Amino acid sequence: MKHVDTPTRPGEATSEIPDVEVTLNVNGDPYRMRLDSRVTLLDALRDHLGLTGAKKGCDQGACGACTVLVDGKRIVSCLALAAQYDGREITTLEGLTDDGEPHPLQKAFARHDAFQCGYCTPGQIMSAVSLQAEGRAGTDADICEFMSGNICRCGAYPNIRAAIRDVVSEANDASV
Amino acid sequence: MRPFEYVRPAETEQAVAAVTADPRTSFLAGGTTQLDLMKDGVLDPQRLVDITRLPLKGIMHADSRVHVGALTTMEELAADPMLRERLPFVREALLLGASTQLRNMATIGGNLLQRARCRYFRDPTVAACNKRNPGSGCAAIHGIQRMHAILGTSDQCIALHASDVAVPFVALDVVVHVQGVDGPRAIPLTQFYREPGTTPHIENVLKHGELITEVEIPLLPEGVLSHYLKVRDRVSYEFALTSAGVALQMEGDIIREARIGLGGVGTVPWRAWSAEDVLRGATVSAESFQAAAEAALEGARTLPGTAFKVELAKRTLVRTLETVAGASS
């Protein structure tokens with residue numbers, strides 16, 4: 001991945017780097033921070049709050065490893081400036097557990113061995129949580145289409161689909 | 001990424017004034033193109049004006065038109081029930097673009113202003129790019145061209161406009177409403193984009209600081225069917241090699257009116273006017289569809305890497321016409 005990291009323009013002092021005051025509501029708790037305006041939501045979560053569930057894969061919005069929910073909707077946090085999400089409700093993988101009890105999708109991923117290296121898994125699970133809320137997990141074709149923003153380079157797709165199918169059909173059974 | 005100042009004005013007027021006043025200040029909406037290009041060092045604004053909290057969000061239906069606030073996201077627009085019922089090809093084009101995550105961020109205004117996916121434009125270590133650095137040449141013309149344009153190109157730029165939803169939008173004569181410091185104006189989308197010619201760095205008719213506030217979509221007459229077909233290198237989450245957005249108004253097997261947009265082929269979202277002329281009044285047949293496809297691709301200029309697109313684009317259009325006419329009968 002290409003990264004052009006230029007901390008300052010020639011002649012500029014580091015003290016002139018603009019910063020912003022941001023309050024992020026993450027997994028129900030507010031965090032007030034003063035950040036370099038360039039800090040992405042992903043970097044704020046990982047480097048400033050120590051929430052390393054969201055992963056940095058491509059850092060250009062192509063792989064989905066950094067997927068989090070904002071006001072209940074999934075986004076890629078690497079293409080989001082933290083400042084833009086001031087005051088918004090953010091849910092990361094860490095926020096899925098209920099009193100230490102894993103989310104049904106987390107359990108299903110473990111049960112179905114829906115990963116190899118595991119790096120894409122948090123993003124896959126956040127996306128799957130969102131997929132279920134969107135009502136788009138009805139068929140395998142829909143699962144494929146609407147999970148396509150999450151890349152798994154190990155190729156665990158069949159088991160990822162099985163895990164999602166499992167939870168969705170359970171939920172459907174329960175609601176009958 | 002270079003340092004920049006981040007500001008979030010409360011009023012549209014303030015945002016427009018702030019960007020207009022300074023050539024190094026840019027609007028920031030969904031950020032999916034802007035931040036990506038800033039990370040890569042292609043864009044280098046000194047100040048970003050976050051417009052995402054301006055009151056430019058939401059969908060309104062009135063007088064056979066859908067008024068879409070520019071900050072409405074792609075997912076929000078795709079969920080509009082009127083689109084599903086009356087403009088299925090717009091909905092299809094929206095949902096075949098990007099991923100759900102990106103569609104939850106990307107706005108309709110930003111979609112229309114998305115920058116070229118040309119890998120040479122997006123890589124500042126490549127010296128020759130007339131779009132990034134006017135007068136420096138075009139690396140793509142001597143490079144790998146699979147994802148480049150064959151219509152509306154010049155010898156200075158062959159970068160493709162990669163929007164899916166802009167394809168049905170140009171076919172529908174969508175109108176773009178913009179706000180500048182001198183007031184608002186309305187621009188038909190078919191007159192919004194500029195082909196590269198000798199100035200590939202100028203992509204549309206907006207003045208610096210003018211802000212898209214609304215996209216106005218005219219509904220098609222009731223009973224008009226439409227379809228968007230996208231052909232790509234993988235089945236999902238990929239840009240189009242070719243695509244077609246078609247709406248046909250039928251009377252028996254006579255085509256009364258045709259609207260055709262093409263994607264994956266043009267330096268701007270491509271309205272296939274000549275193909276529409278061929279089909280207006282024609283009878284549904286393999287011959288008339290083929291004639292329309294030939295007319296649509298007339299004047300295509302290919303390079304070794306894009307030569308395959310002429311036949312692929314014709315077949316994409318013919319297939320889309322067959323689908324719409326088949327569903328109408």
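Residues numbered from 1 in each chain as written. Chains lettered and ligands numbered in written order. Predicted model: local features only at pLDDT ≥ 70, side-chain atom pairs only at ≥ 80, totals over all residues.

Considered domain by domain, chain B is made up of domain 1 (1-49) and domain 2 (225-328). A C-alpha centroid distance of 37 Å is found between domain 1 of chain B and domain 2 of chain B. (Domains from an automatic or database assignment.)

This part is about helix 11 (residues 308-328) of chain B. All names here are of chain B. Between its terminal C-alpha atoms helix 11 stretches 31 Å, which fits the 30 Å expected from 21 residues at 1.5 Å a residue. All of the buried residues along helix 11 are Lys309, Ala313, Lys314, Thr316, Leu317, Thr320, Leu321, Val324 and Ala325. End-on view of helix 11: buried residues confined to an arc of 160°, all on one side of the axis. Relative to its buried face, helix 11 has exposed residues pointing more than 90 degrees away, namely Glu311 and Gly326. Taken together, the buried residues of helix 11 touch strand 9 (225-231), strand 10 (242-251), strand 11 (254-263), helix 9 (273-279) and helix 10 (286-297). (Helix = DSSP H or I, 4+ residues; strand = E, 2+ residues; numbered from the N terminus. Expected span 1.5 Å × (residues − 1). Buried ≥ 20, exposed ≤ 12 C-beta atoms within 10 Å, placed from the backbone. Arc of directions from axis to C-beta. Contact = placed C-beta atoms within 7 Å.)

Moving on, we come to the domain arrangement of chain A. Residue and element names in this part refer to chain A. According to the domain assignment, chain A contains domain 1 (14-95) and domain 2 (104-175). Using C-alpha coordinates to define each centre, domain 1 is positioned 23 Å away from domain 2. Taken together, the contacts link 15 residues of domain 1 with 12 residues of domain 2. Counting only elements with at least two residues in the side of domain 1 that touches domain 2, the list comes to strand 3 (67-70) and strand 4 (73-76). If one sorts the elements of the side of domain 1 that touches domain 2 by residue count, strand 3 sits on top with three residues. Across the side of domain 1 that touches domain 2, the residue classes tally to seven nonpolar, five polar and three charged. (Nonpolar A, V, L, I, M, F, W, Y, C, P; charged D, E, K, R; others polar.)

Another point: the sheet that holds strand 3 (residues 47-50) of chain B. Residues and elements named next belong to chain B. The three strands lie next to each other as 1-3-2, forming an open sheet whose pairing is parallel. The two strands at the open ends of the sheet, each matched to only one other strand, are strand 1 (5-7) and strand 2 (25-28). On average, each strand axis in the sheet is inclined to that of its neighbour by 25°, with strand direction left out of account. By the bridge criterion, three bridges tie strand 1 to strand 3 in an arrangement that is parallel. Bridge assignment links tyrosine 6 to a residue of strand 3, and that residue is leucine 48. Taken strand by strand, helix 1 (residues 12-20) contacts strand 1, strand 2 and strand 3, and its axis lies near 145° from that of strand 2. (Pairing = 2+ DSSP bridges. Axes fitted to C-alpha atoms, helices over the stretch in contact; angles between N-to-C directions.)

Moving on, we come to the nonpolar core. A:Ala82, B:Leu262, B:Ala275, B:Ala292 and B:Ala296 are the most contacted members of the largest nonpolar core, which has 150 residues in total. B:Leu262 has contacts with B:Val167, B:Ser243, B:Ala244, B:Trp270, B:Ala272, B:Ala296, B:Ala313 and B:Leu317, leaving out every residue within four places of it along the chain. (Core = buried A, V, L, I, M, F, W, Y, C linked by C-beta atoms within 7 Å.)

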